[in-house]
Amino acid sequence: MEHPVIDLRREASDILSDLEALRAGDAPTHGGRVLSYVYDSGVPELDDLAAAAARLVQPVNGLDPTTFTSVAALEAGVVGFARTVFGGDDDVVGSVTSGGTESCLLAVKSARDAWRSARLGTPRVPRIVAPVTVHAAFHKAAHYLGLELDLVPVDPATGAPAVAAIAERLGDDVALVVVSAPSYPFASLDPVADVAAITAVRGIALHVDACIGGFALAFWPDRLPAWDFSVPGVMSLSADLHKYGYAPKGVSVLLTRGRDRQRHQYFATTAWPGYPVVNPTMTGSKPAGPLAAAWAIIEALGEPGFAELTGRAARATTALRSCVEHIEGLRVIGAPAGPLFAVATDDSVPVERRVDPHHWADAARASGWHLQLQPGLVQADGGRLPHTTHLTVTPVTEAVLPELTAALDDAAERVRGVPPVDGSAVAAGLAAALPGGAGALEAAAAVGGGLDSDNAAALLRAAGLLGDAGAPDGGALPAQLAPVLALVEALPGALTERLLIELLARVVEPQSSIE
């Protein structure tokens, strides 16, 4: 039976034109001007290949590889490549996930369930032990899965944890120890082999979070300490292909040593009248596009292609670190590994010659270069981690080095000697803008996460972070982000987190239908 052609409400060309207009407000995803969030290979053919591969499997449902057998073949290919480059043998198995957060969540689930199965009937809550620099995905995993996250302070000068500090936290209630290769905030390569030596003796699983830099470190031209499955005692490892695998968002791998352990990652049920549900990941139905794109890029590049692209990123990283190290008033934190690093104020120079990294990032942003501001943090032992600016370097960065280094030098000169934003003064200004003044802010801080939406929005508007209700972007963020980060540091964590939830939720709310 023939069906009548559906009369589309709008022409495709008009719809795509509107989409292009919406994209005009985005930070540029190509060209090397955004040094966080995007991972540009600088090879347009890879983007074209990824798009074509994703289009071929667009109707495929990754839920069931027995129905869509291409999914099984693609996943086996991607996992096999990852296992090889990360030093695994045939005992290492894995899954493709939707991104680093899901990989980390599943690593924690496997650890929790393995810990529980070995201690049937125990009422204790298991712990995750990790450096304070561990990715926020593990905070989320502990929150979602009911574990305690026990954070170990790191050296403020290097961003690295002491092995002894990790060792003294270990006990029978530890389900998982996590280290990073490298960490996101400071790019420190945690002491994987030394930590593995103590966890293996205790029979405690060790996870290596290599989500951001794993596929770069695997091909890094400089010799690095062992950090992957070549280290006995490493039980699982996560790494994102939508970062230095140059695939579109979102695709990651979680590799696990031992089939029995990896099976704890799965969820299965037959306790309903529908089809048997067996999921290796958090989602059921899922797109095959990112998986196909990652597979196609792996097939196209092979190990030699990955090594060439990593070499470009490595050369650019060396050049940028040298640029920063020659800027009076700034310093690179520690001894970063891989294509990322963090920059702090050099407190060893006179105050009038110092450069605040947040003012520096704002000045660079005004010139069209997007760096990532990171707040300072007081650790549990009282040690303060400095506020920094983060740079993620990609292969395309090498092509824009002359422009970028000139912009970074110029930005530093423009803000040299400007003192850091006083977070307490910003908080006082916020209080003054509120009906009820400081008392209202203190009351909001006391409530913290229990603040209702209307009062949270009022606080955001007083801080200049939220425009009129229904504005397309919820009210544009201010041109200068340094005061925002200072406020993040000054306010209690629970209140800041509640306000950020409100801000992001308001930004995506549909406009009012009431004229």
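Predicted model only: the values in this text are computed from it and were never measured.

## A short note on the sheet that holds strand β10 (residues 330–332)
The strands making up a sheet associate through hydrogen bonds between their backbones, and the pairing can be parallel or antiparallel.
Reasoning step 1: In space, the four strands of this open sheet follow the order β10-β11-β15-β12, with antiparallel pairing throughout. Single-partner strands in this sheet number two, and they are β10 and β12 (372–374). Pairs of neighbouring strands in the sheet enclose a mean axial angle of 30 degrees, with direction left out of account.
Reasoning step 2: By the bridge criterion, three bridges tie β10 to strand β11 (residues 340–345) in an arrangement that is antiparallel. Along β11, the bridge assignment pairs R331 with A344.
Reasoning step 3: Sitting on the sheet, helix α11 (residues 357–366) touches β10, β11, β12 and β15 (388–392), and the angle it makes with β15 is about 50 degrees.

## What about the pairing of strand β3 (residues 148–152)?
Reasoning step 1: Bridge count for strand β2 (residues 127–131) against β3 is five bridges, and the pairing is parallel. Paired with R127 across the two strands is E148, which belongs to β3.
Reasoning step 2: Taking the sense of rotation as the criterion, the β-α-β connection linking β2, helix α5 (residues 136–145) and β3 turns out right-handed.

## Description of the layout of surface pockets
Reasoning step 1: The space that makes up the second largest pocket amounts to roughly 450 Å³.
Reasoning step 2: Along its surface, the second largest pocket is lined by 24 residues, and L63, P65, E75, Y266 and P280 are the ones closest to its centre.
Reasoning step 3: Among the elements that line the lining of the second largest pocket, the one with the most residues is helix α3 (residues 69–85), at seven residues.
Reasoning step 4: Classifying every residue of the lining of the second largest pocket gives 14 nonpolar, six polar and four charged.

## Here's the deal with unusual backbone geometry
Reasoning step 1: The omega angle of the peptide bond from A181 to P182 is -10 degrees, so this bond is cis rather than trans.
Reasoning step 2: Following the sequence through the fold, P182 ends up in the loop between β4 (174–180) and α7 (192–202).
Reasoning step 3: Here the bond from K249 into G250 is cis, since omega is -10 degrees, no more than 30 degrees from zero.
Reasoning step 4: When you line up the elements, G250 lands in the loop between β6 (234–240) and β7 (252–257).
Reasoning step 5: A positive phi angle, near 75 degrees, is found at Y37, a position not held by glycine.
Reasoning step 6: With respect to the secondary-structure elements, Y37 resides in the loop between α1 (12–23) and α2 (44–56).

## What to know about the pairing of β6
Reasoning step 1: The element β6 is largely enclosed, with a buried count of six among its seven residues.
Reasoning step 2: Note that strand β5 (residues 206–209) and β6 share four bridges and pair parallel. Of the residues in β6, the one forming a bridge with V208 is L237.
Reasoning step 3: Bridging between β6 and β7 involves five bridges; their strand directions are antiparallel. Directly across from A239, in β7, lies its bridge partner V253.

## Considerations on the pattern of salt bridges
Reasoning step 1: Applying the stated rule across the entire model yields 21 salt bridges.
Reasoning step 2: A salt bridge links R506 to D454, with the shortest nitrogen-to-oxygen separation between them at 3.8 Å. Taken together, the residues span a long stretch of sequence, with R506 in helix α17 (residues 493–507) and D454 in helix α15 (residues 453–462) at a distance of 52 residues.
Reasoning step 3: You can call R506 buried: its relative accessible area is 16%.
Reasoning step 4: Through salt bridges with shared partners, a single ionic network connects R127, D150, R169 and D173.

## Looking at the packing of aromatic side chains
Reasoning step 1: Summed over all chains, the structure comprises nine aromatic pairs.
Reasoning step 2: An angle of 40 degrees between the planes, with centres 5.3 Å apart, marks the rings of F81 and F306 as tilted. One end of the pair, F81, is in helix α3; the other, F306, is in helix α10 (residues 289–325), and 225 residues separate them in sequence.
Reasoning step 3: When the centroid spacing of 5.8 Å and the interplanar angle of 70 degrees are considered together, the rings of F86 and W227 count as edge-to-face. In this pair, F86 sits in the loop between α3 and β1 (92–97) while W227 sits in the loop between α8 (214–217) and β6, placing the two residues 141 residues apart along the sequence.
Reasoning step 4: Pairwise contacts between aromatic rings join Y39, F81, F86, F215, F219, W227, Y244, Y246 and F306 into one cluster.
Reasoning step 5: Between R33 and the ring centre of W369, over which it is positioned, the NZ or CZ distance is 4.1 Å.

## Considerations on the side chain of S180
Reasoning step 1: Here S180 shows up in strand β4.
Reasoning step 2: Residue classification places S180 among the buried residues on the basis of a relative accessible area of 1%.

## Remarks on the side chain of S110
Reasoning step 1: Within the secondary structure, S110 sits in helix α4 (residues 100–118).
Reasoning step 2: The class of S110 is buried, set by a relative accessible area of 3%.
Reasoning step 3: From its side chain, S110 meets the backbone nitrogen of Q265 in a polar contact 3.3 Å long.
Reasoning step 4: What S110 contacts, discounting residues up to four positions off in sequence, is R261, Q262, H264 and Q265.

## Description of the sheet that holds β1
Reasoning step 1: Taken together, the seven strands give an open sheet; going across it, the order is β1-β7-β6-β5-β4-β2-β3, and neighbouring strands pair in mixed fashion. Strands with a single pairing partner mark the edges of an open sheet, and in this sheet they are β1 and β3. Within the sheet, the average angular offset between the axes of one strand and its neighbour, ignoring direction, is 20 degrees.

## Things to note about the nonpolar core
Reasoning step 1: Core analysis: the largest hydrophobic core is formed by 66 residues, its most contacted members being F86, V177, V208, F215, W227 and L241.
Reasoning step 2: For this core, the leading source of residues is α10, giving ten residues.
Reasoning step 3: With sequence-adjacent residues up to four places away left out, F215 is seen in contact with F81, A82, V85, F86, A239, D240, L241, Y244, G245, V253 and T310.
Reasoning step 4: Ranked by size, the runner-up nonpolar core spans 49 residues in total, among them C323, V343, L404 and L460.

## Looking at the packing of α3 against α10
Reasoning step 1: Contact geometry for α3 and α10: axes closest at 9 Å, N-to-C directions at 35 degrees. The two elements α3 and α10 meet at a crossing, and its hand is left-handed. Across the interface between the two elements, V71, L74, E75, G77, V78, F81, T84 and V85 of α3 pack against L291, A292, A294, W295, I298, E303 and F306 of α10.
Reasoning step 2: Across the contact of α3 with α10, the residue classes tally to eleven nonpolar, two polar and two charged.

Each value, and the rule that gives it
- Residues numbered from 1 in each chain as written.
- Predicted model: local features only at pLDDT ≥ 70, side-chain atom pairs only at ≥ 80, totals over all residues.
- Heavy atoms only, no water.
- Pairing = 2+ DSSP bridges.
- Helix = DSSP H or I, 4+ residues; strand = E, 2+ residues; numbered from the N terminus.
- Axes fitted to C-alpha atoms, helices over the stretch in contact; angles between N-to-C directions.
- Contact = heavy atoms within 4.5 Å.
- Right-handed = clockwise from strand over helix to strand, strands pointing away.
- 1 Å grid on protein atoms, 1.4 Å probe; cavity = no way out; pocket = protein on both sides within 12 Å on 5 of 7 lines; lining within 4 Å.
- Points joined across faces, edges and corners; volume = space filled by probe spheres on them.
- Nonpolar A, V, L, I, M, F, W, Y, C, P; charged D, E, K, R; others polar.
- Buried < 20%, exposed > 50% of the residue type's maximum accessible area, 1.4 Å probe, protein only.
- Salt bridge = Lys/Arg side-chain N within 4 Å of Asp/Glu carboxyl O.
- Phe/Tyr/Trp six-rings, centres within 6.5 Å; stacked < 30°, edge-to-face > 60°.
- Lys NZ or Arg CZ within 6 Å of the ring centre and 35° of its normal.
- Polar contact = N/O pair within 3.5 Å; in protein donor to acceptor, adjacent residues only side chain to side chain.
- Core = buried A, V, L, I, M, F, W, Y, C linked by side-chain atoms within 4.5 Å.
- Left-handed = near helix turned anticlockwise from the far one by under 90°.

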